[in-house]
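Letter by letter, the chains look like this.
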Amino acid sequence: MSQSGNASIQSNIIDISSPFYLGSSDNPRTALVTNVFNGTGFSAWKCSMTIALSAKNKLTFVDGTTPKPPASSSLFANWSRVNSMVISWILNSLHCNIAESLIFLPTAADIWKELNHRYEQADEALIYQIQQQFYSLSQGSDDFSTYLTKLSKIWDELRIVQSIPDCSCAAASGIAKYLDDQRLIQLLMGLNDTFKILHGQILMMKPLSSLSTVYSMIVQEERQIEINIPSNINHETIAMNVSHDSSSNFSKKSLTCTHCKKTGESKSLCYRLIGFPSNFKFTKAKKEEPKSIAQLATTDSSPAISQEQYHQLLQLLNQHTLPSSSQASSSILQEAMTSDDTGATDHMCSIPQLFLNLTPFTQPHSIGLPNGQSLFITHYGDIQIHGSIILKNVLTHH
């Protein structure tokens, strides 16, 4: 009885090399791949699953080489147990929506066949999409190793989709060299400009080097570039501190009015153009500023007007019919002769009949008045005050 029992136990022991063998670490909750298939990238997912199932010695359950035995067979129980385990592994590696649509298929081979039928479509549109990824991929901010990994993934996916058959004829080595050269050119097309010199050196090689040789060259060049890049620690901080301390002073010193040549202000804010504010305090300049052609009033003999000449000027002005504003103009003239410098730069007159000559400007100019208002002037000319006393370049808005 004991001998027959021992023989039965030995007959039920499964060889470790058999596809029916399940180890202690095998359980139905295991996901064989890290990336769950969600409907895209089937070729890469299938390749990962094939590798994992082959490592588990269960690939024959999905490719159909280990078919379902009859229910009366002694292998049926072992086959059913392993088939359920493989189904669990496949479903755990699928998105829940896809897994729910396959859960009622009875065998792992049926699920595998259905997945291939749904998603393995080696049509021209898919090949076009993969080729498009080739030409849109560039290194960008990635290091060379990351860039090559992305490119290799596309190469492998295209190879699986196109299903290029193996060739053992005399031209096999030439075809393999041609495909390697194409991959090398695609690799160089996406490199950053930092490898521009090395890029040209590689293309000048006859024949072109292998991918492994070019990989080693580019990695060495990348390390050399990283060594030669100077450290920029605290450079930006120092620059910002300097900018913060001197930005206000620098901005003021860099401004110069193109009209009055005064530093510290722009032309758009020049009081001589937009008018002086009512609370502006005028001060005498330490030295006379150079004046433009429309700012100079000269006399033939003396730059000052005596008291006698002033009374003669009033008599001359009274001989003309002046508007009601003439009295205000006379008081302003008298105040100008007895007060400090008001900051005015030009003489003006609103009576065209007093001018000896009038010359039009090429275009009207806007000037500021002491009351803060602005006025467009169109002409300038000379006015004879008395005898040889002539005011040059007097402005008017005739």
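Rules and cut-offs
- Residues numbered from 1 in each chain as written.
- Predicted model: local features only at pLDDT ≥ 70, side-chain atom pairs only at ≥ 80, totals over all residues.
- Heavy atoms only, no water.
- Helix = DSSP H or I, 4+ residues; strand = E, 2+ residues; numbered from the N terminus.
- Buried < 20%, exposed > 50% of the residue type's maximum accessible area, 1.4 Å probe, protein only.
- Contact = heavy atoms within 4.5 Å.
- Areas by Shrake-Rupley, 256 points an atom, 1.4 Å probe, with all protein chains shown as cover.
- Polar contact = N/O pair within 3.5 Å; in protein donor to acceptor, adjacent residues only side chain to side chain.
- Expected span 1.5 Å × (residues − 1).
- Arc of directions from axis to C-beta.
- Pairing = 2+ DSSP bridges.
- Axes fitted to C-alpha atoms, helices over the stretch in contact; angles between N-to-C directions.
- Core = buried A, V, L, I, M, F, W, Y, C linked by side-chain atoms within 4.5 Å.
- Patch = residues over 30% accessible without salt bridge, like charges linked within 9 Å, V, L, I, M, F, W, Y side chains within 5 Å.
- Salt bridge = Lys/Arg side-chain N within 4 Å of Asp/Glu carboxyl O.
- pLDDT = per-residue confidence, 0-100.
- Lys, Arg positive; Asp, Glu negative; His and termini not counted.

### Comments concerning the overall build of the protein chain
Working step 1: Scanning the protein chain from N- to C-terminus turns up 15 helices and three strands.
Working step 2: Looking at the protein chain residue by residue over its 398 residues, the buried ones come to 26%.
Working step 3: In the protein chain, the share of contacts with a sequence separation of at least 24, taken over all contacts with a separation of at least 6, comes to 59%.
Working step 4: Accessible area for the protein chain stands at about 27300 Å²; split by element, carbon and sulfur atoms hold 55% of it.

### Observations regarding the side chain of His 379
Working step 1: Among the secondary structure elements, His 379 is positioned in strand S2 (residues 374–386).
Working step 2: A residue is classified by how much of its surface remains accessible, and His 379, at 16% relative accessible area, is buried.
Working step 3: Engagement of the side chain of His 379 in a polar contact is seen with the side chain of Thr 378, the distance being 2.8 Å.

### Thoughts on helix H6 (residues 108–119)
Working step 1: Taking 1.5 Å per residue as the helical rise, H6 with its 12 residues ought to reach 16 Å, and the 17 Å between its terminal C-alpha atoms agrees with that figure.
Working step 2: Burial in H6 covers these residues: Ala 108, Ile 111, Trp 112, Leu 115 and Asn 116. Within H6, the buried residues cover an arc of 135° as seen down the axis, which keeps them to one side. Among the exposed residues of H6, those pointing more than 90 degrees away from its buried face are Lys 113 and His 117.
Working step 3: Among the structural elements, helix H2 (42–55), helix H3 (60–63), helix H4 (76–92) and helix H5 (96–100) are those in contact with the buried residues of H6.

### What about the sheet that holds strand S1 (residues 355–368)?
Two modes of strand pairing occur in sheets, parallel and antiparallel, and in both the strands are linked by backbone hydrogen bonds.
Working step 1: Across the sheet, which stays open at both edges, the three strands sit in the order S1-S2-S3 with antiparallel pairing between neighbours. The open sheet has two free edges, formed respectively by S1 and strand S3 (389–396), since each of these has just one partner strand. Neighbour-to-neighbour, the strand axes of the sheet open up by a mean angle of 20°, direction not taken into account.
Working step 2: As judged from the six bridges shared by S2 and S3, these two strands associate in the antiparallel manner. Note on S3: the bridge partner recorded for His 386 is Ile 389.

### Focus on the nonpolar core
Working step 1: Of all hydrophobic cores here, the largest spans 28 residues; its most connected members are Trp 45, Met 49, Leu 53, Val 86, Ile 90, Leu 94 and Leu 115.
Working step 2: Breaking this core down by element, the ones donating at least two residues are H2, H3, H4, H5 and H6.
Working step 3: If you tally residues by element for this core, the top one is H4, at eight residues.
Working step 4: The contact partners of Trp 45, leaving out residues within four places of it in the chain, are Val 33, Asn 35, Phe 37, Ser 93, Leu 94, Trp 112 and Leu 115.

### Considering helix H8 (residues 144–162)
Working step 1: Taking 1.5 Å as the rise per residue, H8 with 19 residues should run 27 Å; its terminal C-alpha atoms sit 27 Å apart, in good agreement.
Working step 2: All buried positions along H8 are accounted for by Phe 144, Tyr 147, Leu 148, Leu 151, Ile 154, Trp 155, Glu 157, Leu 158 and Val 161.

### Points about a nonpolar patch on the surface
Working step 1: Taken together, the side chains of Tyr 135, Ile 185, Met 189 and Leu 203 define a hydrophobic patch exposed on the protein surface, amounting to about 410 Å² of accessible area.
Working step 2: Mapped onto the fold, Tyr 135 is located in helix H7 (residues 124–136).
Working step 3: For Tyr 135, a relative accessible area of 57% translates into the label exposed.

### Some remarks on the pattern of salt bridges
Working step 1: Applying the stated criterion across every chain, the model contains six salt bridges.
Working step 2: For Asp 142, the salt bridge goes to Lys 150, with nearest N and O atoms at 2.7 Å.
Working step 3: For Lys 150, a relative accessible area of 39% translates into the label partly exposed.
Working step 4: The partner of Arg 183 in a salt bridge is Asp 180, with the nearest N and O atoms 3.3 Å apart.

### Notes on the pairing of S1
Working step 1: Two elements, S1 and S2, share nine bridges in a ladder whose sense is antiparallel. Within S2, the position partnered with Leu 358 by the bridge is Gly 381.
Working step 2: The hairpin formed by S1 and S2 contains five residues between the paired strands, and Gly 372 there has a positive phi angle of roughly 95°.

### What about the confidence of the model for the protein chain?
Low-pLDDT portions of the prediction should not be read for the details of their coordinates.
Working step 1: Chain-level statistics for the protein chain give a pLDDT mean of 75 and a share of 74% at 70 or above.
Working step 2: Looking across the protein chain, the model is least confident in helix H15 (residues 326–338), with a mean pLDDT of 44, and most confident in H4, with 92.
Working step 3: Across residues 1–10, confidence stays below pLDDT 50; counting only partners more than four residues off in sequence or on other chains, it has zero contacts.

### A closer look at the environment of Ile 127
Working step 1: Examined against the element boundaries, Ile 127 turns out to sit in helix H7.
Working step 2: Each C-alpha atom of the pair Ile 127 and Gln 162 lies 7.6 Å from the other, and the pair is 35 residues apart in sequence.
Working step 3: Not counting residues up to four positions away in its chain, the partners in contact with Ile 127 are Leu 158, Val 161 and Gln 162.

### A short note on the side chain of Glu 222
Working step 1: Relative to the helices and strands, Glu 222 resides in helix H11 (residues 211–228).
Working step 2: Within the buried core, Glu 222 has no salt-bridge partner, and the shortest N-O distance to an opposite charge, that of Arg 223, equals 6.6 Å.
Working step 3: If we ignore the near neighbours within four places in the chain, the residues touching Glu 222 are Gln 139, Asp 143, Phe 144 and Phe 195.

### Quick word on unusual backbone geometry
Working step 1: A cis amide bond links Lys 206 to the next residue, Pro 207, at an omega of -5°.
Working step 2: Position of Pro 207 among the secondary structure elements: in the loop between helix H10 (196–203) and H11.
Working step 3: The phi dihedral of Asn 393 is positive, around 55°, even though this residue is not glycine.
Working step 4: Among the secondary structure elements, Asn 393 is positioned in strand S3.
Working step 5: You can call Asn 393 buried: its relative accessible area is 15%.

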